[in-house]
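What follows is the residue order along each chain.
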Amino acid sequence: DFEEVFARFLSVFIGFCGIVLFFMLIKGGFSLITSGGDPGKIQQAWKTITFAVLGLLFIIASYLIIRFIKDFTGVDIGNFKVTQ
(Lines give C-alpha, C1' and ligand atoms only; values in the text may rest on other atoms or scores of the structure.)
Protein backbone atom coordinates (compact mmCIF):
# COMPACT_ATOMS: atom_id res chain seq x y z
CA ASP A 1 0.00 0.00 0.00
CA PHE A 2 1.07 3.55 -0.72
CA GLU A 3 0.09 4.59 2.81
CA GLU A 4 2.51 2.12 4.39
CA VAL A 5 5.32 3.12 2.04
CA PHE A 6 4.75 6.79 2.83
CA ALA A 7 4.60 6.13 6.59
CA ARG A 8 7.85 4.15 6.44
CA PHE A 9 9.48 6.85 4.34
CA LEU A 10 8.55 9.49 6.92
CA SER A 11 9.82 7.28 9.72
CA VAL A 12 13.16 6.72 7.98
CA PHE A 13 13.39 10.40 7.00
CA ILE A 14 12.86 11.59 10.58
CA GLY A 15 15.47 9.13 11.81
CA PHE A 16 17.88 10.33 9.12
CA CYS A 17 17.26 13.95 10.17
CA GLY A 18 18.12 13.01 13.75
CA ILE A 19 21.37 11.37 12.65
CA VAL A 20 22.33 14.36 10.50
CA LEU A 21 21.55 16.68 13.42
CA PHE A 22 23.75 14.63 15.73
CA PHE A 23 26.68 14.67 13.31
CA MET A 24 26.30 18.40 12.66
CA LEU A 25 26.49 19.07 16.40
CA ILE A 26 29.55 16.81 16.69
CA LYS A 27 31.20 18.50 13.69
CA GLY A 28 30.48 21.98 15.05
CA GLY A 29 31.76 21.09 18.50
CA PHE A 30 34.90 19.46 17.11
CA SER A 31 35.53 22.48 14.87
CA LEU A 32 35.07 24.78 17.84
CA ILE A 33 37.52 22.82 19.98
CA THR A 34 40.15 22.57 17.23
CA SER A 35 39.79 26.15 15.97
CA GLY A 36 42.98 27.23 17.74
CA GLY A 37 41.56 30.66 18.50
CA ASP A 38 41.10 31.60 14.83
CA PRO A 39 38.08 33.94 14.75
CA GLY A 40 36.97 32.75 11.30
CA LYS A 41 36.99 29.08 12.34
CA ILE A 42 35.21 29.86 15.60
CA GLN A 43 32.51 31.78 13.73
CA GLN A 44 32.04 28.93 11.24
CA ALA A 45 31.82 26.38 14.07
CA TRP A 46 29.16 28.44 15.84
CA LYS A 47 27.23 28.77 12.56
CA THR A 48 27.21 24.98 12.22
CA ILE A 49 26.00 24.52 15.78
CA THR A 50 23.38 27.27 15.39
CA PHE A 51 21.96 25.79 12.19
CA ALA A 52 21.85 22.34 13.76
CA VAL A 53 19.89 23.65 16.75
CA LEU A 54 17.59 25.67 14.46
CA GLY A 55 16.92 22.49 12.47
CA LEU A 56 16.03 20.67 15.67
CA LEU A 57 13.70 23.49 16.69
CA PHE A 58 12.09 23.40 13.24
CA ILE A 59 11.44 19.66 13.53
CA ILE A 60 10.00 20.06 17.04
CA ALA A 61 7.83 23.02 15.97
CA SER A 62 6.50 21.05 13.01
CA TYR A 63 5.56 18.16 15.28
CA LEU A 64 3.88 20.49 17.78
CA ILE A 65 1.90 22.26 15.04
CA ILE A 66 0.62 18.91 13.76
CA ARG A 67 -0.34 17.89 17.32
CA PHE A 68 -2.06 21.24 17.89
CA ILE A 69 -4.11 20.88 14.71
CA LYS A 70 -5.11 17.36 15.77
CA ASP A 71 -6.10 18.44 19.28
CA PHE A 72 -7.85 21.64 18.17
CA THR A 73 -9.77 20.36 15.13
CA GLY A 74 -9.82 16.62 15.71
CA VAL A 75 -8.35 16.00 12.25
CA ASP A 76 -5.37 13.66 12.39
CA ILE A 77 -3.20 15.09 9.61
CA GLY A 78 -0.26 13.03 10.88
CA ASN A 79 -2.03 9.84 9.82
CA PHE A 80 -1.76 9.68 6.03
CA LYS A 81 -4.64 7.86 4.33
CA VAL A 82 -5.60 7.63 0.68
CA THR A 83 -9.34 7.46 0.11
CA GLN A 84 -11.13 6.58 -3.08
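Above this text is the structure in question.
Residues numbered from 1 in each chain as written. Predicted model: local features only at pLDDT ≥ 70, side-chain atom pairs only at ≥ 80, totals over all residues. Heavy atoms only, no water.

Here we come to a nonpolar patch on the surface. On the surface, a nonpolar cluster with roughly 830 Å² of combined accessible area is contributed by Leu-25, Phe-51, Val-53, Leu-54, Leu-56, Leu-57, Ile-60, Tyr-63 and Leu-64. With eight residues, helix α2 (residues 39–73) is the single largest residue contributor to the nonpolar patch. In this structure, Leu-64 sits in helix α2. (Patch = residues over 30% accessible without salt bridge, like charges linked within 9 Å, V, L, I, M, F, W, Y side chains within 5 Å. Areas by Shrake-Rupley, 256 points an atom, 1.4 Å probe, with all protein chains shown as cover. Salt bridge = Lys/Arg side-chain N within 4 Å of Asp/Glu carboxyl O. Helix = DSSP H or I, 4+ residues; strand = E, 2+ residues; numbered from the N terminus.)

Moving on, we get to the environment of Ala-52. By secondary structure assignment, the location of Ala-52 is in helix α2. By relative accessible area, Ala-52 is classed as buried at 1%. Each C-alpha atom, one on Ala-52 and one on Phe-23, is 9.1 Å from the other, the two residues being 29 residues apart in sequence. Setting aside residues up to four positions removed in sequence, Ala-52 forms contacts with Leu-21, Met-24 and Leu-25. (Buried < 20%, exposed > 50% of the residue type's maximum accessible area, 1.4 Å probe, protein only. Contact = heavy atoms within 4.5 Å.)

All right, on to the packing of helix α1 (residues 2–33) against α2 then. Where α1 contacts α2, the two axes come as close as 8 Å, and the packing angle between them is 155°. On the basis of their axis angle, the class for α1 and α2 is roughly antiparallel. For the element pair α1 and α2, the recorded crossing hand is left-handed. Residues Cys-17, Leu-21, Met-24, Leu-25, Lys-27, Gly-28, Gly-29, Ser-31 and Leu-32 of α1 pack against Ile-42, Ala-45, Trp-46, Thr-48, Ile-49, Phe-51, Ala-52, Val-53, Leu-56 and Ile-59 of α2. (Axes fitted to C-alpha atoms, helices over the stretch in contact; angles between N-to-C directions. Parallel < 35°, antiparallel > 145°, perpendicular 65-115°, else oblique. Left-handed = near helix turned anticlockwise from the far one by under 90°.)

Moving on, we come to α2. For α2, built from 35 residues, the straight-helix expectation of 51 Å at 1.5 Å per residue is met to within 8% by its first-to-last C-alpha distance of 50 Å. Within α2, burial applies to Ala-45, Thr-48, Ile-49 and Ala-52. Its buried side turned inward, α2 meets α1. Just downstream of α2 lies Gly-74, where phi reads positive at about 85°. (Expected span 1.5 Å × (residues − 1).)

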